Amino acid sequence: MWKLFDEIGPDEIQARQQATELDILTMGITFTVYSDGENIDRAWPFDVVPRIIPGDEWNQVQLGLHQRLRAVNMFIDDLYNDQRIIEAGVFPADLLEDSVNFRPECVGTHPKFGVWAHISGSDLVRDHDGTFYVLEDNLRVPSGVSYVIENRAVTKRAFPELFGRNQIRPVDSYTDELNKVLSSLAPDGVIEPTIAVLTPGIFNSAYFEHSFLAQRMGAELVEGGDLVVGDDDCVYMHTVDGRERVHVVYRRIDDLFLDPEVFRADSLLGVAGLMRAWKAGNVGIANAPGAGVADDKCVYAWMPDIIRFYLDEEPKIANVPTYRCMYESEREYVLEHLDELVMKPANESGGYGITIGSRATEEELTACAAAILDDPRNWVAQPIIDLSTVPTLIDGKMESRHVDLRPFILTGEHSYVTAGGLTRVALKEGSLIVNSSQGGGSKDTWIVDDTGGWEPQPVPASHTASQSQSQSQSQSQSQSSAGLDQEGGG
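The model shown is predicted, which means the values in this text are computed figures rather than measured ones.

Looking now at the sheet that holds strand β12 (residues 284-286). With respect to topology, four strands assemble into an open sheet ordered β7-β6-β11-β12, the strand pairing being parallel. Edge positions in the open sheet fall to β7 (220-222) and β12, since each of these has one partner strand only. Within this sheet the neighbouring strands show an average axis-to-axis angle of 25°, counted without direction. Note: strand β6 (residues 195-198) against β7, three bridges, orientation parallel. When the bridges of β7 are listed, V197 appears paired with L221. Against the sheet, helix α8 (residues 207-217) touches β6, β7 and β11 (248-251), its axis set at about 150° to β7.

Given below as structure tokens:
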């Protein structure tokens, strides 16, 4: 690839970047920013230079993600049923009792295949030594996969030569695989299920993705008012021809807004009686209500033990070391080293509430310490990760920028991991903020089975001047202030 870039020259590369930006505008690929009470649609920020990961290396990551989700689903199913892991003393009972995402309404439920988290996105970071770590697991309503597919489409148009010369694994089969997983959740005996994507509506930040996935799968895009649960505890959709049975709901709203009969009575986003229909086995719901119990930064710290308990295996992908402030000795260490750590509230997403010790003021550190002491269970801390960088086109020149990666994992009757995922990139020099609303962008991620000697090369000159500065500025804003995370329900 780098040879081709040398051949076509910086002016042509910049021209192709501009062409992709026009492509994105024409195709209407957008994301929504909430600002001053208003929703602003912006064109998706994209860097045309792809991120490259060798196939052999990705195979190991893929195995680790399959392993992780197998254990996660066994863990969730156990928590809502036998609680063997608590009885064995591996997972603390008080941690479950204090969980804001544990849904007592789901106790005793057995979803099809024993799977609760059907669609998940695990955020990966790569240290300076090349090792991948799981930063966190997004199991409630993870978003961003539509941009993986669209990034590939615009990159193909920008550099068709590269796709002819190299063995790049495809990503556009994702919606077919998603359709298969969702179809497998239909009640027994249903051959051609009707699938509905349940969206909060056009003002949701991920509405582009909701409509994109529904269209690609041939599914119905619905809001709560479009569905009704009948006296037979089945879900129906209002159509011009009358009611039509819905067999699977791919919900893109949070648990608490899902069913006003069971959760928030004031919710206008959900469907009254949906939980009844689900428990009766008359509809499949992905992700299952209650799956978020494992989407907790405190629970994350137990993932290596969870994998060992359920699978009797060692984790194939490591966690970032995590201090649990609910334990006195770990809390004391965190309070003594606030300026060296990243402090995270257990159940926030999208980077909210995070304190980056090395960049915080004394006042911010004091406030963080007070918050930890006030509610230790709600806080974890992690060391600063020296994130890797990749070549990125900045004003027509190749420069290094920091990245993270979100692959998507499907679990149902079968499992599937995207070939790569959503690479989010901090486009500003020295920045570690990958959030698209704060100046971040994304890249196409290539899993290449024969790199032919074109693994990413060191980026010259322009990076070295700022490298030591950016590293000293504490890379782990990595703790991903992250752009796309989980969608809000409210």
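Before going further, it helps to spend a moment on the environment of E244. Tracing the sequence through the fold places E244 in strand β10 (residues 242-246). The spacing of E244 and L227 is 17 residues in sequence and 9.4 Å in space, taken between C-alpha atoms. Setting aside its immediate chain neighbours within four residues, E244 contacts T194, V235, Y236, M237 and T239.

Counting residues in hydrophobic clusters, the biggest one holds 119 residues, and the most contacted among them are F75, F91, Y174, L178, L182 and I306. Sorting elements by how many residues they give to this core places helix α2 (residues 55-79) first, with nine residues. Sequence-distant contacts of I306, defined by excluding residues within four places in its chain, comprise A71, F75, I85 and V299. Core analysis: the second largest hydrophobic core is formed by 12 residues, L341, M343, L365 and A381 among them.

Taken in spatial order, the three strands line up as β8-β9-β10 in an open sheet, and their pairing is antiparallel. The open sheet has two edge strands, β8 (227-229) and β10, and neither has a second partner. Sheet twist, expressed as the average angle between the axes of neighbouring strands with direction ignored, equals 40°. Pairing of β8 with strand β9 (residues 235-239), which is carried by three bridges, proceeds in the antiparallel orientation. Residue V229 lies in a different strand from β9, and its bridge partner there is V235.

The rules behind the values
Residues numbered from 1 in each chain as written. Predicted model: local features only at pLDDT ≥ 70, side-chain atom pairs only at ≥ 80, totals over all residues. Heavy atoms only, no water. Pairing = 2+ DSSP bridges. Helix = DSSP H or I, 4+ residues; strand = E, 2+ residues; numbered from the N terminus. Axes fitted to C-alpha atoms, helices over the stretch in contact; angles between N-to-C directions. Contact = heavy atoms within 4.5 Å. Core = buried A, V, L, I, M, F, W, Y, C linked by side-chain atoms within 4.5 Å. Buried < 20%, exposed > 50% of the residue type's maximum accessible area, 1.4 Å probe, protein only.

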